[in-house]
Amino acid sequence: MSLANGRPYLAIPGPSTMPDRVLGAMHRGAPNIYEGKLIEETAQIVADLKRVALCSSNVAIYIGNGHAAWEAVNTNLFSRGDKVLVLATGRFGMNWARGLSELGVDVEILDFGLQSPADPDRVSERLRADRGHTIKAVLICQTDTASSIRSDVAALRGAIDAAAHPALFGVDCIASLGCDMFRFDDWGVDVMVSGSQKGLMTPPGLGFVWFNDKALAASKTADLRTPYWNWEPRATPEQYWQHFNGTAPTHHLFGLGEALRMILDEEGLEAVWARHTALAGATHAAFAHWGQGHDIALNVADPRARSHSVTAARIGNGGAGRLRKWCEDQAGVTLGIGLGMAEPDAPNYGDFLRVAHMGHVNAHMTLGVLAVMEAGMIALDIPHTAGGATAAARVVAAATRNHGL
Ligand SMILES: *Cc1c(COP(=O)(O)O)cnc(C)c1O
């Protein structure tokens, strides 16, 4: 007997759950790629991608995952030997930095560790010390998906301005777009990168880069820029094929178009953010409750620095690893592995896990995951304070009251 039989739930931070409507929109024969519905859908998608990022500048679409979109940013903006400051708050920031180094960019990492957000004062201080303005760009993950730290993008823009430094400001929103509040124009972001398979609820396979005219100007002299990755014709195509530098990702586009309609035209972006805030709050409440007097803790202590799309946590004595296995085998829920908190061969590797509450996720899904986790803790004799699932339920109830539902 297994209680896992039934619809499985992949509660990892990407790929996220895909709405049946998104999958349904993809379920069709090959479309005409020269005229008709696909062309119209692409024009709408470009407009909607700008709306979801609150960006009035440019957006380029790539057939590729988040790593591909990183490489698009890296090659469009920089020349070999350029200096870049990466603000790291976990494994993803480090990986972006590594991709840059391997291209021959001179990367300096300001490491904020695995438990706190990027500190604007330290960023300002570092930029002030760069009197010759050799640092060409400052890069940050809004949410580092490994640590679940969320940095304050607007405050970091303020830090760059306070130092009166001309560096470009680039933000990775791969785990946060369509989950956490993000405002490209208002927050003075120059470049932003995201992908289809997390908050945007579409299968992995599309990467996006938003960029303003300052970033566009920088790209004109970047010696790493190559014809395929060049963002300019993709963002301002004279002919349709230039959007994708070849065949369009036809079915992904139909899926993405449906997802963007759901986010922007049906639920509304502010309501999407509020839903993620509530479900993240429920998850945080559960862990805080379980951890009273026990070796269970959220990775990020400051609630303001916690992601609203993913939660990294520790359950000591290998509890996280055992619980993940139990949830998958016994209850049909797959939780995320701890990423970058301990190396896979380290004795404490099994102490970390992540719970995603990202994208097409509602109260019954997140409360279901948390209740399943509590059942697993009981079944496995993992020491915890009983009632985390109820603490989460209280947060959900309060959120519906606050929103007058
Ligand atoms: C998922 C993720 C990436 C990498 O995306 P892939 O599609 O796996 O290449 C990069 N940055 C962040 C913050 C992510 O969450």
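Since the model is a prediction, treat every value here as computed from it, not as a measurement. (Residues numbered from 1 in each chain as written. Predicted model: local features only at pLDDT ≥ 70, side-chain atom pairs only at ≥ 80, totals over all residues. Heavy atoms only, no water.)

Enquirer: Quick one: what's the story with the domain arrangement of the protein chain, residue by residue and with numbers?
Expert: Split by domain assignment, the protein chain resolves into domain 1 (9-16 + 268-402) and domain 2 (31-265). For domain 1 and domain 2, the distance between their C-alpha centres works out to 28 Å. Roughly 2400 Å² is buried in total at the junction of domain 1 and domain 2, and carbon and sulfur atoms are behind 57% of that figure. In this structure, the connection of domain 1 to domain 2 is made through two salt bridges. With a closest N to O distance of 3.7 Å, Arg183 and Glu270 form a salt bridge. Mapped by element, the contributors of at least two residues to the side of domain 1 that touches domain 2 are helix 10 (269-290) and strand 12 (310-315). The residue inventory of the side of domain 1 that touches domain 2, partitioned by class, reads 13 nonpolar, twelve polar and five charged. (Domains from an automatic or database assignment. Buried area = accessible area lost by both parts, 1.4 Å probe. Salt bridge = Lys/Arg side-chain N within 4 Å of Asp/Glu carboxyl O. Helix = DSSP H or I, 4+ residues; strand = E, 2+ residues; numbered from the N terminus. Nonpolar A, V, L, I, M, F, W, Y, C, P; charged D, E, K, R; others polar.)

Enquirer: Let's hear about the site of the ligand: which residues, and what values?
Expert: The ligand sits among Asn65, Gly66, His67, Trp70, Phe92, Thr143, Thr145, Asp172, Ile174, Ala175, Gln197 and Lys198. Between Gly66 and the ligand, the recorded distance is 2.7 Å, taken from a backbone N or O atom to an oxygen atom. Interatomic distance of 2.6 Å between a side-chain N/O atom of Lys198 and an oxygen atom of the ligand. Relative to its unbound accessible area of 380 Å², the ligand is 91% covered by the protein chains. When residues of the shell around the ligand are assigned to their parent elements, the largest contribution, three residues, is made by helix 3 (residues 66-77). (Near = heavy atom within 4 Å. Polar contact = N/O pair within 3.5 Å; in protein donor to acceptor, adjacent residues only side chain to side chain. Areas by Shrake-Rupley, 256 points an atom, 1.4 Å probe, with all protein chains shown as cover.)

Enquirer: Describe the sheet that holds strand 12, with residues and values.
Expert: If you walk across this open sheet you meet the five strands as 1-13-14-12-11, and the pairing is mixed. The sheet is open, and its two edges are formed by strand 1 (9-11) and strand 11 (296-298), each paired on a single side. The mean inter-strand angle of the sheet, taken between neighbouring strand axes irrespective of direction, is 35°. Together, strand 12, strand 13 (333-337) and strand 14 (352-356) form the strand contacts of helix 11 (residues 319-331), whose direction differs from that of strand 13 by roughly 155°. (Pairing = 2+ DSSP bridges. Axes fitted to C-alpha atoms, helices over the stretch in contact; angles between N-to-C directions. Contact = heavy atoms within 4.5 Å.)

Enquirer: Summarise the nonpolar core; cite the residues concerned and give the values.
Expert: Counting 54 residues, the largest nonpolar core has Leu49, Leu87, Phe182, Met192 and Trp210 as its most contacted members. Domain assignment of the residues forming this core places at least three in each of domain 1 (9-16 + 268-402) and domain 2 (31-265). Counting residues in hydrophobic clusters, the runner-up holds 34 residues, among them Ala60, Val105, Ala218 and Ala235. (Core = buried A, V, L, I, M, F, W, Y, C linked by side-chain atoms within 4.5 Å. Buried < 20%, exposed > 50% of the residue type's maximum accessible area, 1.4 Å probe, protein only.)

Enquirer: Explain the packing of helix 10 against helix 13 (residues 388-402) to me, and be specific about the residues and the numbers.
Expert: Describing two packed helices takes the angle between their axes plus the distance from one axis to the other. In contact at an axis separation of 7 Å, helix 10 and helix 13 are set at 150° when each is read in the N-to-C sense. Taken together, the axes of helix 10 and helix 13 are roughly antiparallel relative to one another. Judged by the sense of rotation from one axis to the other, the crossing of helix 10 with helix 13 is right-handed. Residue-level contacts link Ala278, Gly281, Ala282, Ala285, Ala286, His289 and Trp290 of helix 10 to Gly388, Ala389, Ala391, Ala392, Val395, Val396 and Ala399 of helix 13. Considered class by class, the residues forming the contact of helix 10 with helix 13 number eleven nonpolar, three polar and no charged. (Parallel < 35°, antiparallel > 145°, perpendicular 65-115°, else oblique. Left-handed = near helix turned anticlockwise from the far one by under 90°.)

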